[in-house]
Protein chains: 6
Amino acid sequence: MAQITTFGELLLRLSPPGYQRLSQADKLELNVGGAEANVAVALGQWGHKPILLSCLPDNDLGKMVSQKLTGLKVNIDKVQYNSGRLGLYFLELGVGLRGGRVVYDRNDSVFSLVEPSIWNWNNVLQHSNWFHWSGITPALSKNAFSSLSDALKHASEKNINVSVDLNYRANLWKWGEDPTKICPDLVSKSKILITNEEATKKMLGIDVDYITEEINQDGYDRMAKELFSAYPNLTQIFIPIRRTIDASENMVTLYGNDKSEGYLSKGINVKNIVDRVGAGDAMTAAIIHNLSNNQKLSDTVELGVAASALKHSVPGDFLIADLNELEAIVKGEKSKINR
Amino acid sequence: MAQITTFGELLLRLSPPGYQRLSQADKLELNVGGAEANVAVALGQWGHKPILLSCLPDNDLGKMVSQKLTGLKVNIDKVQYNSGRLGLYFLELGVGLRGGRVVYDRNDSVFSLVEPSIWNWNNVLQHSNWFHWSGITPALSKNAFSSLSDALKHASEKNINVSVDLNYRANLWKWGEDPTKICPDLVSKSKILITNEEATKKMLGIDVDYITEEINQDGYDRMAKELFSAYPNLTQIFIPIRRTIDASENMVTLYGNDKSEGYLSKGINVKNIVDRVGAGDAMTAAIIHNLSNNQKLSDTVELGVAASALKHSVPGDFLIADLNELEAIVKGEKSKINR
Amino acid sequence: MAQITTFGELLLRLSPPGYQRLSQADKLELNVGGAEANVAVALGQWGHKPILLSCLPDNDLGKMVSQKLTGLKVNIDKVQYNSGRLGLYFLELGVGLRGGRVVYDRNDSVFSLVEPSIWNWNNVLQHSNWFHWSGITPALSKNAFSSLSDALKHASEKNINVSVDLNYRANLWKWGEDPTKICPDLVSKSKILITNEEATKKMLGIDVDYITEEINQDGYDRMAKELFSAYPNLTQIFIPIRRTIDASENMVTLYGNDKSEGYLSKGINVKNIVDRVGAGDAMTAAIIHNLSNNQKLSDTVELGVAASALKHSVPGDFLIADLNELEAIVKGEKSKINR
Amino acid sequence: MAQITTFGELLLRLSPPGYQRLSQADKLELNVGGAEANVAVALGQWGHKPILLSCLPDNDLGKMVSQKLTGLKVNIDKVQYNSGRLGLYFLELGVGLRGGRVVYDRNDSVFSLVEPSIWNWNNVLQHSNWFHWSGITPALSKNAFSSLSDALKHASEKNINVSVDLNYRANLWKWGEDPTKICPDLVSKSKILITNEEATKKMLGIDVDYITEEINQDGYDRMAKELFSAYPNLTQIFIPIRRTIDASENMVTLYGNDKSEGYLSKGINVKNIVDRVGAGDAMTAAIIHNLSNNQKLSDTVELGVAASALKHSVPGDFLIADLNELEAIVKGEKSKINR
Amino acid sequence: MAQITTFGELLLRLSPPGYQRLSQADKLELNVGGAEANVAVALGQWGHKPILLSCLPDNDLGKMVSQKLTGLKVNIDKVQYNSGRLGLYFLELGVGLRGGRVVYDRNDSVFSLVEPSIWNWNNVLQHSNWFHWSGITPALSKNAFSSLSDALKHASEKNINVSVDLNYRANLWKWGEDPTKICPDLVSKSKILITNEEATKKMLGIDVDYITEEINQDGYDRMAKELFSAYPNLTQIFIPIRRTIDASENMVTLYGNDKSEGYLSKGINVKNIVDRVGAGDAMTAAIIHNLSNNQKLSDTVELGVAASALKHSVPGDFLIADLNELEAIVKGEKSKINR
Amino acid sequence: MAQITTFGELLLRLSPPGYQRLSQADKLELNVGGAEANVAVALGQWGHKPILLSCLPDNDLGKMVSQKLTGLKVNIDKVQYNSGRLGLYFLELGVGLRGGRVVYDRNDSVFSLVEPSIWNWNNVLQHSNWFHWSGITPALSKNAFSSLSDALKHASEKNINVSVDLNYRANLWKWGEDPTKICPDLVSKSKILITNEEATKKMLGIDVDYITEEINQDGYDRMAKELFSAYPNLTQIFIPIRRTIDASENMVTLYGNDKSEGYLSKGINVKNIVDRVGAGDAMTAAIIHNLSNNQKLSDTVELGVAASALKHSVPGDFLIADLNELEAIVKGEKSKINR
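The shown structure was predicted, so the numbers you read here are calculated from the model rather than taken from an experiment. (Residues numbered from 1 in each chain as written. Chains lettered and ligands numbered in written order. Predicted model: local features only at pLDDT ≥ 70, side-chain atom pairs only at ≥ 80, totals over all residues. Heavy atoms only, no water.)

Peer 1: Which parts of the structure should I look at to understand the overall build of chain A?
Peer 2: If you tally the helices and strands in chain A, you get 12 helices and 15 strands. Over its C-alpha trace chain A gives a radius of gyration of 19 Å, about what one expects of a compact globule, namely 20 Å for 339 residues. The principal-axis extent of the C-alpha atoms belonging to chain A is close to 50 × 50 × 40 Å. By residue count, 65% of the 339 residues in chain A fall in the buried class. In chain A, the proportion of contacts linking residues at least 24 apart, taken out of those at least 6 apart, comes to 69%. Put simply, chain A shows about 11500 Å² of open surface, and 44% of that area lies on carbon and sulfur atoms. When the 36 positive and 39 negative side-chain charges of chain A are each reduced to one mean point, those points stand 3 Å apart. (Helix = DSSP H or I, 4+ residues; strand = E, 2+ residues; numbered from the N terminus. Rg over C-alpha atoms; globule rule 2.2 N^0.38 Å. Buried < 20%, exposed > 50% of the residue type's maximum accessible area, 1.4 Å probe, protein only. Contact = heavy atoms within 4.5 Å. Areas by Shrake-Rupley, 256 points an atom, 1.4 Å probe, with all protein chains shown as cover. Lys, Arg positive; Asp, Glu negative; His and termini not counted. Charge placed at Lys NZ, Arg CZ, Asp CG, Glu CD.)

Peer 1: Sorry, what's going on with the interface of chain B and chain A here?
Peer 2: Contacts between the two partners involve 21 residues from chain B, matched on the other side by 26 residues from chain A. Both faces considered, chain B and chain A share a buried interface measuring about 2100 Å² in area, 54% of it formed by carbon and sulfur atoms. For the interface between chain B and chain A, the tally reads three salt bridges. Here arginine 101 of chain A ties to glutamate 325 of chain B by a salt bridge, and the two come within 3.5 Å at their closest N and O atoms. The tally of links between chain B and chain A comes to five residue pairs in polar contact (both at pLDDT 80 or more). Among the secondary structure elements, those contributing two or more residues to the side of chain B that touches chain A are α11 (297-311) and α12 (323-330) of chain B. Residue classes in the side of chain B that touches chain A are distributed as 11 nonpolar, four polar and six charged. (Buried area = accessible area lost by both parts, 1.4 Å probe. Salt bridge = Lys/Arg side-chain N within 4 Å of Asp/Glu carboxyl O. Polar contact = N/O pair within 3.5 Å; in protein donor to acceptor, adjacent residues only side chain to side chain. Nonpolar A, V, L, I, M, F, W, Y, C, P; charged D, E, K, R; others polar.)

Peer 1: Would you mind going over helix α2 (residues 60-71) of chain C with me for this structure?
Peer 2: Given 3.6 residues per helical turn, the α-helix brings residues three or four places apart onto the same face. All names here are of chain C. Spanning 12 residues, α2 covers 16 Å between terminal C-alpha atoms, matching the ideal 16 Å at 1.5 Å per step. Burial within α2 is extensive, with nine of its 12 residues counted as buried. Within α2, burial applies to Asp60, Leu61, Gly62, Met64, Val65, Ser66, Gln67, Leu69 and Gly71. (Expected span 1.5 Å × (residues − 1).)

Peer 1: Would you take a moment to explain the relation of the copies chain B and chain A for this structure?
Peer 2: Two chain copies, one operation linking them: a rotation about an axis together with a shift along it. Between chain B and chain A, which share one sequence, the superposing operator has a rotation angle of 120° and an axial displacement of 0.0 Å; the RMSD is 0.0 Å. Expressed as an axis order, the relation between the two copies is that of a three-fold axis. No C-alpha of chain B approaches the rotation axis more nearly than that of asparagine 272 of chain B, which lies at 4.2 Å. When the interface residues of chain B are mapped onto chain A, a mere 10% of them again fall at the interface, so the copies present different faces. (Least-squares fit on C-alpha atoms with pLDDT ≥ 70 in both.)

Peer 1: When you look at the interface of chain A and chain E in this model, what are you seeing that I'm missing?
Peer 2: Many authors give the size of an interface as the accessible area that is lost as the parts come together. Contact residues are listed per partner, giving 24 residues for chain A and 24 residues for chain E. Each partner contributes to the roughly 2200 Å² buried at the junction of chain A and chain E, and carbon and sulfur atoms together form 61% of this total. Counting the surface chain A buries against chain E, the share from its top three residues, Ser23, Lys27 and Asp60 of chain A, is 23%. In this assembly, chain A and chain E are joined by four salt bridges. Among the salt bridges present, the one from aspartate 60 of chain A reaches arginine 101 of chain E, with a minimum N-O distance of 3.1 Å. Counting the contacts that link chain A with chain E gives nine residue pairs in polar contact (both at pLDDT 80 or more). When contributions to the side of chain A that touches chain E are tallied by element, the ones reaching two or more residues are β3 (27-33), α2 (60-71), β7 (87-92) and β8 (101-105) of chain A.

Peer 1: Before we go on, may I ask you to explain the pairing of strand β13 (residues 249-257) of chain B in this structure?
Peer 2: Successive residues of a regular strand alternate their side chains across the two faces of the sheet. All names here are of chain B. The element β13 is extensively covered by neighbouring structure, given that eight of its nine residues are classed as buried. Of the strand pairs in this sheet, strand β12 (residues 236-246) and β13 are connected by nine bridges, and their pairing is antiparallel. Counterpart to isoleucine 237 in the pairing with β13 is asparagine 257. Hairpin connection, β12 to β13: the antiparallel pair is bridged by two residues. Strand direction decides the pairing type here: β13 and strand β15 (residues 268-270), joined by three bridges, are antiparallel. Each residue of the ladder has a partner; that of methionine 251, found in β15, is asparagine 269. (Pairing = 2+ DSSP bridges.)

Peer 1: I would appreciate a short explanation of helix α1 (residues 35-45) of chain D in the present structure.
Peer 2: Residue and element names in this part refer to chain D. Where burial is concerned, most of α1 is hidden: 11 out of the 11 residues are buried. Those residues of α1 lying buried are Ala35, Glu36, Ala37, Asn38, Val39, Ala40, Val41, Ala42, Leu43, Gly44 and Gln45. Glycine 47 occupies a position one or two residues after α1 and carries a positive phi of about 100°.

Peer 1: Please clarify how the sheet that holds β3 of chain A should be interpreted in this entry.
Peer 2: Consider a sheet: its strands pair through backbone hydrogen bonds, and that pairing is either parallel or antiparallel. The strand order across the open sheet formed by eight strands is β8(A)-β7(A)-β2(A)-β3(A)-β3(E)-β2(E)-β7(E)-β8(E), and the pairing between neighbours is mixed. Across the chains shown, the open sheet's two edge strands, defined by having one partner strand only, are β8 of chain A together with β8 (101-105) of chain E. This sheet shows a mean twist of 30° between the axes of neighbouring strands, independent of strand direction. Relative to strand β3 (residues 27-33) of chain E, strand β2 (residues 11-15) of chain E is paired through five bridges, and the arrangement is antiparallel. Bridging across to β3 of chain E, arginine 13 of chain E finds its partner in asparagine 31 of chain E. (Axes fitted to C-alpha atoms, helices over the stretch in contact; angles between N-to-C directions.)

Peer 1: Just to check I follow, could you spell out the sheet that holds strand β7 (residues 87-92) of chain F for this structure?
Peer 2: With mixed pairing, eight strands are arranged side by side in an open sheet as β8(C)-β7(C)-β2(C)-β3(C)-β3(F)-β2(F)-β7(F)-β8(F). Two strands lie at the open edges of the sheet, namely β8 (101-105) of chain C together with β8 (101-105) of chain F, each paired on one side alone. The average angle at which neighbouring strand axes cross in this sheet is 30°, direction not considered. For strand β7 (residues 87-92) of chain C and β8 of chain C, the ladder comprises five bridges, and the chain directions are antiparallel. Considered in β8 of chain C, the bridge of glutamate 92 of chain C is made with arginine 101 of chain C.

The structure is reproduced here in structure tokens:
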């Protein structure tokens, strides 16, 4: 089994209970999140011993976050603790016609301010053979970008497998750099790329306007081909496809391509959505899980879409689920009460 | 911008949390409501400074109600405080096959008992150029009817714009008067009428049995024509159309007619309903908002149906939403997470 | 009106609030359950004075359970109190794609350990003319089976009407007996049988593999005929039919046969499911209610499916609903707010 | 064991959770209360089968109230159901320096409006040999007073034992009669009187200003003597004594006199008070329990004060406690964890 | 009545429910706070129309905060909205031996970053004759200090009454200035000074080590004299005195001096403390209330200590209480249930 | 730092929120507990890496328990998972006069049934130099006793330091052995003994009736001497002393003796108790912490009593606190808000 390490910001999420709007709340529910942590937590439940690298404040909030991650089998032994603030985000969950809303309060977090020199990549990645990053990290700050850049340099020298979920977020990227200037280099040091149309355009500068609302494998085949051609280092490309009917009903599909073939998963129409945050990260975790176990592309793609679909039923940012629950969804088993 | 004043009873709503039935509850959630307050609260969020006229008990419950309204930008400076009781209603929200249930406990409320002479309409309506009332007020008591009647007399003398949402409630109207005896006169002092088949029959005595379950503009055109002919004072008529699939799925549509043309909105099929109370009042607020800003009939009708649809996703009686959220629904934008 | 007595284990159900998974919970909601109690509670609301026979621990948990049942009009005067433990079950409610999960913790409960000799059936059934049991009781323990067996012997001697809901649960039946060895005899002492394909096979050893996923009355007619032929003592057979779309949407149908005719109810597609536990028991209660009032088979079947459908909207194991709410569903009335 | 019947209004209490003030609440906790119900509930737990006579609204609230009482072993078979409203009260619990506050909303309740003719006392009191009333009933309305008056007439004819807790409430007594005009006659038909200085003055017109803040048996002996002399029908008199240090600390004492001797209980200093509502009713129940079992005056007085003291630790209006818990307090046992 | 304006940062407080430690929480309760807002909210309930000047983020959190303040009768018409973040603080309430803990997360808040030029003091203070500030504002940032400095310059030119509560917080004051360098000048522009030993030393550089743990008026007389001599502009000095027995029991006392006499309030021993945050601000509000109504020094001091004492019983940062509740405490009335 | 291993049953605690009695609850709060786990959790926060040996069910409840422990830095790598049930206990917290109550439901737990052969002590204790057990383990079952006995045999052979907290529980010890028959041998293999009068008598058969209610060092000196004489293997003896004023106020003291001297801590009077469960285990953890760091006896005793005292303020079975919080209590620092 691969030793997977991931690197990124940890966040505390605060969200009104039930279907309240933020301004109606007098309590907020707490969940730990962050794209990379979400990936690590899913992997921890599936038999991996994922390592999370991050930086937390040395106060009660940092303690709370580390406690929740450790309980979920994420190895945080190499997390750094500094004085500073924890990144927060306020999330109003959507329902029916009403979309979700996020108020970010993650500026100047201890993770985004910490000096790149704090990370001794030689030591930190010593026993890892897989490194996962997301496009959120370079979006946060120059320091976060530099740290990531160092990590990728190190990983590519040591021939560590690198996966990336580009994860474009329009409300970040405020530190002064244009993503298309710096992301291509980062992706060129990675092997597995997870991206969608928007991220491909905004972060890699590749316009794929031939992708249509109607889901058609041809378009994704072309997009994969274009990406493989721009990034010959890539071995696999995955393209998550989400169609939003409303905040309570989404259709999720996943396309994968390993250079030898393209494969489009069946679409799962997810209804009665509880919480769609983290669904992409659950998908990413399933992709990493299967690739690190040398599973077939088609199985990987179906497991990925099942993980994403199931995440929509679990409150919080994390997918709390066993592998056999994912496999039941892949097989199309019905959601009876198991008793 | 018009100075809108509305007049009506304030209620405290008590409802079991989650999907509990009333007899299962050991806690009740509190919300302030009342058809006219619901309209005022929506308008307050959209840049109006609505004035609410009402009468509250001079106790901690009256204080609680006034506090919640003031926070939501409703001007309650002219609310009266008397000894007496606050009107209450117990609401069991429906879900799926199970419909909602209301237990009213609003008899002999301080609002319905207060003497008409308490209201100095000359003073109270001094700076208003729009007066909104609903058919709930004359249903409550002789005093409430008389107060409203005085207000309308005053408004018509001062040429204040008057809108009315007829809002028929079978469980009220117990003070001894037949609605068809007194409502026509009240409507004849109004300019904008919002009504549906049932209210038109029960309150105005006009039977519109040509309106069918299947939604057809012809019927509504005929109904509008009949109403304009009976009430030549009216300048606009709006007919909200609701089709109940079950307690969690309703289709809402709105018809409007400004004498020059009739317009039927697109129908919005609202699923995963959180709370349908107040959806009609949200629609009314949107109509008033647009008319007071001299918007087109077709835009008004589409905004009205969007307001009603969105209200179904917000817990409580009030529509808590910005105008741009309504406009996104009018444009058919999808309910993604905004981050 | 029949005096109905039912006999079975009482359980305390512990379930995470909202849509949390069990491992996410820091609180559990309490509900009393048990197949026979669920039947009794529904009947108590519909004008019956059902007697529940069971055995509870003589501690605060036994007190809690008896209090909740008494409040719901179940006569528990003959419940026994012994030292021992209360059967528990932990229930994770499903939603959307995610199915529900039950962790049973009912081994060695005071009910399953109590000696058969504790029950003086002569005395206990003295005033009863209807005895209801479920297939859960013989699954629990040798003692529970023997007690039930004694009861049925007594009932058949006294010509008491006996109904049974076979209710097969794969995770029980651990005390060493094969259900097909002992259930046929118990059923042969009963008059009304409620069963489905799985229970018929696993408990009576009759394979009905001609029943297909697609609902077709012919198959059920054949199944009823086969069961009547094997059990000539039976006067009515009911076959509940559930099709699981996902954890939030199920279709429920009910087939009944009184030897003279077979009748298949309309199917009700239940969406936005709140809690599907106890839906079968609600159906059983409706069947008993109607049969004990000598209603028509077709009405009984429609009432049964309405009871089951409505139960899905009520949290907890019990159907909390008046008869007129069921009748409204039978008539297809829409789930408007009643105000 | 005596068959005890009590007669009075049932109330639903709504109180903010924790230590919130009413205007801060967005949820209210529900409890059933009413002085006579509180007495009945305590007695039901101690082996009595108390009958409660009252009138409830025939709606979901009436159902909720009857369900909670039945669960607690109060016989409500003779409760009447009428259309009307349930009496409510909003309670803000005090803590430390801040006293509790009650907003009554019980005017025109179904109990206070119901015609005296609804009660067939001959039938209702057929099997009772003990009738308990409180001074709240005649305070509510002319009808409530008349009904009570009829009951006492009937009870005195049948030589039923009558106990009364005078319970003076300044905020009631609004129907137009002076309590000193009508209460003496009611007390003259009773045998056991529970009263304090204020009630004695305001309801019986007897000024006992010799009672001082410092607790001194002589004063109570004199007060008892005076009352026995004014009401020769009385066989026992009890005087509850409460000294309020603050809302979280009270000292409770009880004086009793059975004409042959006066007895002053030890004082119990109750700290960390959870809920002092119903403490007097718990005391009354203990007095009735002991008298109906012919216990000694001194034991009765000590049990009464223990019941009152323990009630302060139980949330809600009811004392939820076994007799052996009271006896442990009488014996001065320490409040260790029982494990 | 004086028109009081106050200027300071608004905070959102997040605290675990009940007595949980922060790391145990999975929900946090929301309260709005900030020393100056706390003062304004108390004044708003006592008949003043206080104006709060502050800067809020132009997002849903800013909306939530403004809504809660408006509901509590604070005039926020002049609050500025900017892009940026809201100051937060995480509060773990103490109990018994365990003290409370605060994790501040208010760095770089929109209030502390906003340019001083945003405030047009001429306009903002136009109708005010009282300006209140606290020592928290100059501690936050250079900009906050400069804004305050401008305000005080303006106030002194216009002869507006200025009060200050020095409120020393060791964990703030990080922007690079020594408080003793800048606070004396600010205090020299004020008339009413509220301070304690620590603030006097850390912010004004005056060491008052003659103040002892044992409360003795002589020391406070000397301290007042020293302060009046250093700041001849001062007309009144108030010194709050708190003695912490443990987190649930504190003794509060208040000393006042109006140059003609010194007065030491009675000490109130506050037990069963619910929430001690904001108690000092409640005291300050009471001082301002009484001074602005020209009340006697001794009454002012007793009202101040009553306000502080009562605040300890109210959850949240605000004192929610009427003036008559304070007066009852001044008079030593007992905390009975008012019913 | 010592490598501490502890061995014992893990329990799930279910307790009503607030001050509800168990029969009033409709929700139960979840906490993980167990005497040995409580010790381990405290040690984990103070820089140790404690190993917990136990057996959990291989279901969602086992997962929940292991998750909470791992989050709190307890090493559970050697915990066994078997099919079976988790031990539970229902706890009603006391308050004021009302004592706490425990309903145990831990019979036949997976821990008490597991075969002794499952534990490979050689392997399990390989890296440990400290083994801690409590008197609860031998009370549970023959298997639990045998396992413990094996462990102690192994520990004594390897000269591992052994500490024991005798922890007598009258409601356990049901498997057929008299504690005085088997405990002396277990204690004779231990070095540090924590015991009180009751445990000493009931488990070791030594009657120390010279210990009086009034706390007097002489008696404890004599008791220690007697125990050292009976168990020459012991190097230290600790005697926790608790005086229960009521459920909300206890006084805790600790006596220690290391053969060279006896030391009685100062007594801490703990008021406003939140949760006294686990206070003894917190004390034990502090003793182990200090002894394993070779601290002085007097410091150990004071730290132990501080840990116990502070635990009373923390909800749940675990002491959640840093060492510096304990030290502040030892130094007598006041419980101010730290901000």
